[in-house]
Structure formats: structure tokens, C-alpha cells
Amino acid sequence: QMQLEESGGGLAQPGGSLRLSCVASGDIFSVTAMGWYRQSPGQQRERVALISSSGSTTYTDHVEGRFTISRDNAKNTVYLQMDSLKPEDTAVYYCYGRGYSWGQGTQVTVSP
């Protein structure tokens, strides 16, 4: 399977912003719907945003209006712009699409 590599996580204050990136290997990226997922300790992994191959987007209610998913097919990259961050956004964030292996994720911590 092809690989994904996430980056861009870190520490942010409540109300702050972070931008996550995910670079995909291989040649199926442009025709693959891609999602951002997150997992907190003791919680199940949940999908927070999805972008279709044509650019249509959907979001979970928890992040609607605060997060924006986008993609650059020329760079095989999907992004997650996270604004108005809340402590409950703290989690390891992963990107994923069918045909790819899960990456290592990137830690996002929101704390004063």
C-alpha cells in the first residue's frame, strides 16, 4: 500500500490556529477521496473532515465552521486548516484515503 505522512501539529493556545499537511505517495491521490481523522486517548478514531476527488467537502459538527480541508493534487497533498482551536481538539490527527496505509499521525495539543 502507498504511504501517507502527516506534519504540522504542535502546541496552540485556545483560539489559535494550526495547519496540518499530509503528503501521499503514489499516483492515485488525485482520484481518491481523502479524510482527516483524530484520536484522543481512550477514544475511538473519528473522521473530522472529508474531501472528494472533485473537491467537495464535509465536516463533523464538532469542527464545522472552524476547520477547512483542502487539497493540491499537483503536490499530492491534503491540508487541514484549524482555526478557533479548543482544548477538546487535542488529539493525534491522521489523514487517510482508500488504498493507503495509515501514517504515524501528528499530535495537536490545545492548551493555555
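Here's a quick rundown of the structure. (Residues numbered from 1 in each chain as written. Predicted model: local features only at pLDDT ≥ 70, side-chain atom pairs only at ≥ 80, totals over all residues. Heavy atoms only, no water.)

1. Description of the overall build of the protein chain
Right, so step 1: Helix and strand content of the protein chain: zero helices and 10 strands.
Right, so step 2: Reading the helices (α) and strands (β) of the protein chain from amino to carboxyl end gives β-β-β-β-β-β-β-β-β-β.
Right, so step 3: Radius of gyration (C-alpha) of the protein chain: 13 Å, near the 13 Å computed for a compact globule of 112 residues.
Right, so step 4: When its C-alpha atoms are laid out on the principal axes, the protein chain stretches across 40 × 25 × 20 Å.
Right, so step 5: Per-residue burial over the protein chain gives 41% buried out of 112 residues.
Right, so step 6: Taking the contacts inside the protein chain whose residues are at least 6 apart along the sequence as the reference set, 55% of them involve residues at least 24 apart.
Right, so step 7: By element, 45% of the accessible surface of the protein chain is carried by carbon and sulfur atoms, the whole surface being about 5,900 Å².
Right, so step 8: Charged side chains in the protein chain number 9 positive and 10 negative. The centres of these two groups are separated by 2 Å. (Helix = DSSP H or I, 4+ residues; strand = E, 2+ residues; numbered from the N terminus. Rg over C-alpha atoms; globule rule 2.2 N^0.38 Å. Buried < 20%, exposed > 50% of the residue type's maximum accessible area, 1.4 Å probe, protein only. Contact = heavy atoms within 4.5 Å. Areas by Shrake-Rupley, 256 points an atom, 1.4 Å probe, with all protein chains shown as cover. Lys, Arg positive; Asp, Glu negative; His and termini not counted. Charge placed at Lys NZ, Arg CZ, Asp CG, Glu CD.)

2. Some thoughts on the nonpolar core
Right, so step 1: One finds Trp 36, Ile 69, Val 78, Leu 80, Met 82 and Tyr 93 to be the most contacted residues of the largest nonpolar core, which totals 26 residues.
Right, so step 2: When contributions to this core are tallied by element, the ones reaching two or more residues are strand S3 (18–24), strand S4 (34–39), strand S5 (46–51), strand S7 (67–72), strand S8 (77–82), strand S9 (91–96) and strand S10 (106–110).
Right, so step 3: By residue number, the principal contributor to this core is S3, which donates four residues.
Right, so step 4: With residues near it in sequence (within four places) discarded, Leu 80 still touches Leu 18, Arg 19, Leu 20, Trp 36, Val 48, Ala 49, Phe 67, Thr 68, Ile 69 and Tyr 93. (Core = buried A, V, L, I, M, F, W, Y, C linked by side-chain atoms within 4.5 Å.)

3. Some remarks on the sheet that holds S10
Right, so step 1: With mixed pairing, six strands are arranged side by side in an open sheet as S2-S10-S9-S4-S5-S6. Here the strands that pair on one side only, and so sit at the sheet edges, are strand S2 (10–12) and strand S6 (57–59). The sheet shows a mean angle of 25° between the axes of neighbouring strands, direction not considered.
Right, so step 2: Alignment of S5 against S6, held across three bridges, turns out to be antiparallel. Across the sheet, the residue bridging to Leu 50 is Thr 58, located in S6. (Pairing = 2+ DSSP bridges. Axes fitted to C-alpha atoms, helices over the stretch in contact; angles between N-to-C directions.)

4. So, the state of the cysteines
Right, so step 1: Counted according to the given criterion, the structure contains one disulfide.
Right, so step 2: Put simply, Cys 22 and Cys 95 are joined by a disulfide, and their sulfur atoms are 1.8 Å apart. Sign of the S-S torsion, about 40° for the bond between Cys 22 and Cys 95, identifies this disulfide as right-handed. Here Cys 95 lies in strand S9 and Cys 22 lies in strand S3, a separation of 73 residues in the sequence. Just as Cys 22 is buried, Cys 95 falls in that class too. (Disulfide = S-S within 2.5 Å.)

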